[in-house]
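Listed here are the chains, written in short residue letters.
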Amino acid sequence: SYLSKKESQKRIRVVHLNIEGLTRAKSEILSKMFKDADVLALQETHVPEGETSRLKIPGFNMIDYRGHCKHGLATYVNQNIEESNVVPIAGNVHSIGTRIGNLIIYNVYKPPSERWSNSVLPVQQSPTIYIGDFNSHSTEWGYPNENEDGGKLTSWAAVNRLHLVYDAKQGGTFESGRWGTITSPDLCFVSVDNGNQPLRVSRAILQKFPKSQHKPIVIDTGISLPQKPKHTQHKIGRAHV
C-alpha cells in the first residue's frame with residue numbers, strides 16, 4: 001500500500017484517478033493499493049447507468065455514481081468510516097458530490113468534447129475540494145496555452161475564491177500514448193476561509209496505474225474523521241439526488 005494507516009487516522013485522505021474503464025482486475029488493484037484511503041474518486045468508469053455490480057471495490061462502499069458507457073463517475077468511502085459521517089449531495093452534469101464530516105468533495109469529469117456550462121461546478125460554503133479530470137488547458141497548470149474551457153475554469157475559480165493546488169515540479173498527471181505528451185488535466189481546487197486562507201491540503205502524484213494513461217493522485221487534508229469498529233460496518237446506499 002502507498003498509504004500509511006497511522007497517517008490516514010489523522011486526516012481525511014482522498015485518492016482520485018481517471019481509471020479509463022473500471023474492470024474487476026482494476027477494482028482488486030485499487031482495493032489493495034489504496035486500502036487505507038478514506039475516499040476514492042474515479043473518473044471514466046465506462047459503466048452504464050444501472051450496472052452497479054460492475055462498480056464494486058472490495059473494502060469500500062460506493063456513495064454515488066453517474067453511469068455512462070464512455071464516461072462516468074463513481075465515489076467511494078472506506079467501509080471503516082461511520083455511516084452517519086457520509087452524506088451524498090447534488091452535483092451537476094460534470095460532477096457528483098459527497099459530504100464526509102464537514103468536508104465536501106466534488107468528483108469531477110468533463111469529457112474533452114464537452115464545454116463547461118456558465119456555472120461550471122456547484123459552489124458550497126463549507127470546506128470544499130474539487131478533484132478529477134477537468135480536461136481544460138491553462139498556463140496556470142502547465143499547458144503552453146489556454147483554451148476556452150481553461151479560461152472559463154480559471155474565471156470560475158477566481159470569482160468563487162477557489163485555490164488551485166498545483167506544483168509544476170511534480171510533473172504531469174497524464175501520459176498520452178497517442179501523442180507522447182505529458183500534461184495535467186487532473187486537478188485539485190480547494191475553498192478558502194474568511195481570512196482568504198486556502199484549505200490546507202497536500203497533493204502527491206503517484207506512478208502510472210495499470211492500463212490507464214493517468215496517474216493516481218493522493219490528497220491529504222488536515223480534517224480528521226473518526227473511524228468505526230469493523231464489526232459495526234454497514235453498507236451506505238447510493239443517493240437519489
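A brief report on the enclosed structure follows. (Residues numbered from 1 in each chain as written. Predicted model: local features only at pLDDT ≥ 70, side-chain atom pairs only at ≥ 80, totals over all residues. Heavy atoms only, no water.)

### Section: the overall build of the protein
Looking only at helices and strands, one finds 3 helices and 14 strands in the protein. The buried share of the protein, reckoned over its 241 residues, is 53%. Pairs at least 24 residues apart make up 62% of the contacts formed inside the protein by residues separated by at least 6 positions. In the form shown here, the protein has an accessible surface area of approximately 11,400 Å², with 49% of it arising from carbon and sulfur atoms. (Helix = DSSP H or I, 4+ residues; strand = E, 2+ residues; numbered from the N terminus. Buried < 20%, exposed > 50% of the residue type's maximum accessible area, 1.4 Å probe, protein only. Contact = heavy atoms within 4.5 Å. Areas by Shrake-Rupley, 256 points an atom, 1.4 Å probe, with all protein chains shown as cover.)

### Brief notes about the layout of surface pockets
In this structure, the largest pocket occupies an estimated 450 Å³ of space. Together, 22 residues line the largest pocket, and Pro112, Asn135, His137, Phe174 and Trp179 are the ones closest to its centre. (1 Å grid on protein atoms, 1.4 Å probe; cavity = no way out; pocket = protein on both sides within 12 Å on 5 of 7 lines; lining within 4 Å. Points joined across faces, edges and corners; volume = space filled by probe spheres on them.)

### Here's the deal with the sheet that holds strand β14 (residues 217-221)
If you trace the 6 strands from one edge of the open sheet to the other, you get β3-β4-β2-β1-β14-β13, paired in mixed fashion. Strands at the two margins of the open sheet, each flanked by one partner only, are β3 (60-66) and β13 (201-205). Along the sheet, successive strands turn relative to each other by an average axial angle of 15°, direction set aside. Pairing of β3 with strand β4 (residues 73-78), which is carried by 6 bridges, proceeds in the antiparallel orientation. Paired with Arg66 across the bridge in β4 is Leu73. (Pairing = 2+ DSSP bridges. Axes fitted to C-alpha atoms, helices over the stretch in contact; angles between N-to-C directions.)

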